[in-house]
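Remarks on the overall topology
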Amino acid sequence: MSNLSCGIVGLPNVGKSTLFNALTRKSIPSENYPFCTIDPNVGIVNVPDQRLTVLSHLSKSAKIVYASVTFVDIAGLVKGASLGAGLGNQFLSHIRETDAIVQVVRCFEDDNVIHVSGRIDPIEDIEVINLELILADLQMVENTLLRMEKQAKGKKELLPTVELLKKAADHLNQNLPLRKCPFSPKELEIAMNYPFLTLKKVLYATNVGEKDLPSMENAYVQRVREYAAQEGSLVVPVCARLEEELSQLSEEEGLQYLQSMGLKESSLDRLIKAGFELLDLITFLTTGEMESRAWTIRKGTNAAAAAGKIHSDIEKGFIRAEVVTYEDMVAYKGRVGAREVGKARSEGREYIVKDGDVILFYHSS
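In what follows, the accompanying structure is described. Here, residues in each chain are numbered from 1, in the same order as that chain's written sequence. In keeping with the predicted nature of the model, local features appear solely for residues at pLDDT of at least 70, side-chain atom pairs appear and are counted solely at 80 or more, and the whole-chain, interface and lining totals rest on all residues. Excluded from the side-chain calculation are hydrogens and water; included are all heavy atoms of the structure.

**Points about the packing of helix H4 (residues 122–152) against helix H7 (residues 219–231)**
Interaxial angles span 0 to 180 degrees and are taken between N-to-C directions of axes, which are lines fitted to C-alpha atoms, for helices over the stretch in contact. A run of H or I in DSSP counts as a helix once it spans at least four residues, and a run of E counts as a strand once it spans at least two, with each numbered from the N terminus. For the pair H4 and H7, interaxial distance at closest approach is 9 Å and the crossing angle is 45°. Comparing the axis directions of H4 and H7 gives the class oblique. Between H4 and H7, the residues in contact are Pro122, Ile123, Ile126, Glu127 and Asn130 and Tyr220, Arg223, Val224 and Tyr227, respectively. Classifying every residue of the contact of H4 with H7 by side-chain character gives six nonpolar, one polar and two charged. An angle below 35 degrees is read as roughly parallel, one above 145 as roughly antiparallel, one from 65 to 115 as roughly perpendicular, and any other as oblique. Residue contacts are defined here by distance: any two heavy atoms, one from each residue, within 4.5 Å place the two residues in contact. Throughout this entry, Asp, Glu, Lys and Arg are counted as charged residues, while Ala, Val, Leu, Ile, Met, Phe, Trp, Tyr, Cys and Pro are counted as nonpolar. The remaining residues, Gly among them, count as polar.

Okay, here's the thing in structure tokens:
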């Protein structure tokens, strides 16, 4: 995983474009990513991490490289998208390629911004989008099932896949997303081979008005929280209008403006961090004179596999990992100081890396 990708979806006039525009103003220039053509509807954004600034001072690093998140603005989602309305199939192919879905939900009232259905009802909005994703998955299951049932007559090893697809079809036919389906671990393993839309994890970005600052809470947000809790999804309140204003300011001016509004960090920063949490991602850190860098891995990754994130040769020639916690790096002013007081641990291939581990890998060339 080079970085996490989130598809941003939402009905018209919910604040999706405003939020995406604010995100892309924070975008890393695409030329920093070799061999990568960035479409106008894609933004690659740094994951805020104060630890890297501190480490770069300790190591006198020439540069800082943050972990990043790719946001894809998925246009064309309207009622009937699964049947080709709006940008229909083009929208669906874009969303299939993302790791998670960020659904922007309107939780503000504004007579100047017409709602597509004429009234504010965040749960109805969520269900319109969910239904389109369910219908698209159902279409895919039914087409695949026809083919698999024919093949399974001669290949008995395909029967578990056929059973899984039948179970998925029954669940989808009840208008329920597959993330709510009680799959066994083995079934889930088979399901992950298919690009199901409703199996993806969802983060609801509840877009509130400026009158709801600084708490960002209102009755609409509360309803979305209750809905999300039933399916184990996360909710991050945002104020897209405020984010748009912040995106036009320098980092220092933006921070002062936030503080004047009684806020500690921007909604976008919380949204980016929540995306990491949603997918069980963590970062380990490396630091030296050349650079201080955050590397993205899944929770539960061992030291050898983490080394492979840096270079496959380091994983192949892995000897050991010298691990210092971020807190000890700061307390003892760097790796040398941490070694002197016995806070630098030598770990083997199977050590499970923790968020904030500052690691130096030893390997044979």
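**Brief notes about the pairing of strand S10 (residues 318–325)**
The two faces of the sheet receive side chains in turn, since in a regular strand these alternate between them. Taken together, the seven bridges between S10 and strand S12 (residues 357–363) define a ladder with antiparallel strand orientation. Across the sheet, residue Glu322 finds its bridge partner in S12, namely Leu360. In this description, strands pair whenever DSSP reports at least two bridges between them.

**A look at the packing of H4 against helix H5 (residues 159–172)**
Direction vectors running N to C along H4 and H5 enclose 150°, while the axes themselves pass 9 Å from each other. Taken together, H4 and H5 sit at an angle that is classed as roughly antiparallel. Two packed elements cross with a definite hand, and for H4 against H5 that hand is left-handed. Across the interface between the two elements, Ile134, Asp137, Leu138, Val141, Thr144, Leu145, Met148, Glu149 and Ala152 of H4 pack against Leu159, Thr161, Val162, Leu165, Lys166, Ala168, Ala169 and Leu172 of H5. In terms of residue class, the contact of H4 with H5 is made up of twelve nonpolar, two polar and three charged. The crossing is said to be left-handed when, going from far helix to near helix, the turn is anticlockwise and less than a right angle, and right-handed when the turn is clockwise.

**Comments concerning the side chain of Arg51**
Positionally, Arg51 belongs in helix H2 (residues 50–59). The definition of a polar contact used here is a pair of N or O atoms within 3.5 Å, where within protein one atom must be able to donate a hydrogen and the other to accept one, and adjacent residues in sequence count solely through side-chain atom pairs. Separated by 3.1 Å, the side chains of Arg51 and Thr283 make a polar contact. Those residues in contact with Arg51, other than ones at most four positions away along the chain, are Thr283, Leu285, Tyr326, Asp355 and Gly356.

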